[in-house]
Amino acid sequence: MLGGWGRMGHQPRLVLSDRMLDHQSHLLHLAALVCGVYFLGGGLFYMLSEGYSFTNFVYFSMQTVTTNGYGDFVPAGQAGRLFTCLYMFLGVLVVSSIFSDLAYRMFLAHRDAAVAETVRQLNDLETRRSSALLQSAQGATREPPQPQPSPPQQQLSGGQGGGQGGHGEEE
């Protein structure tokens, strides 16, 4: 329960719904599958048409996807060059979509943690405010303390009593 916020009906939504999370998970699995098919398909093409070994293909694929292109591996034929143009374009799209999805997931996790901390702080603040209001309300229902009567004071007048003038006797 979210303390004061839950009582007031302002309960924030901290995470995506289960349905949205399932959809996001399916998209991530689909992206991973597309990435796997992309690398396997490219690998088969380059191994068969260009004669690349497996390690040379992996090296060439990483250069292509990361757009580094050192030039030490270049497709020799027209078909290899055309396929490489498509392979580069699709590789950048596939890999960037996976990384953007992962970055978005990290953002959501950070945002949810920040929102949860803010809600906790607001609940603490609401609890302290409620306690202060309750204490002030309890203090208002009590009768204020009555002032204690002060001891009777002696009234002193000009020629009478109490040693005024130092004589104390009447004439």
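Because the structure is predicted, anything quoted here is derived from the model rather than measured.

(A) Highlighting the environment of F45. Within the secondary structure, F45 is located in helix α2 (residues 18-50). Distance from F45 to F57, taken between C-alpha atoms, is 9.6 Å for residues 12 residues apart in sequence. When residues no more than four places from it in sequence are discounted, the contact partners of F45 are E50, A79, G80 and F83.

(B) Inspection of the packing of aromatic side chains at higher detail. Scanning the model with the defined rule gives 12 aromatic pairs in all. An aromatic cluster is built from Y38, F39, F45, Y46, Y52, F57, F60, F83 and Y87, whose rings are joined through pairwise contacts.

(C) Molecular detail of the side chain of S61. Tracing the chain through its elements places S61 in helix α3 (residues 54-65). Of note is the side chain of S61, whose polar atom sits 3.0 Å from the side chain of Y87. In contact with S61, other than residues within four places in its own chain, are F39 and Y87.

Basis of the calculations
- Residues numbered from 1 in each chain as written.
- Predicted model: local features only at pLDDT ≥ 70, side-chain atom pairs only at ≥ 80, totals over all residues.
- Heavy atoms only, no water.
- Helix = DSSP H or I, 4+ residues; strand = E, 2+ residues; numbered from the N terminus.
- Contact = heavy atoms within 4.5 Å.
- Phe/Tyr/Trp six-rings, centres within 6.5 Å; stacked < 30°, edge-to-face > 60°.
- Polar contact = N/O pair within 3.5 Å; in protein donor to acceptor, adjacent residues only side chain to side chain.

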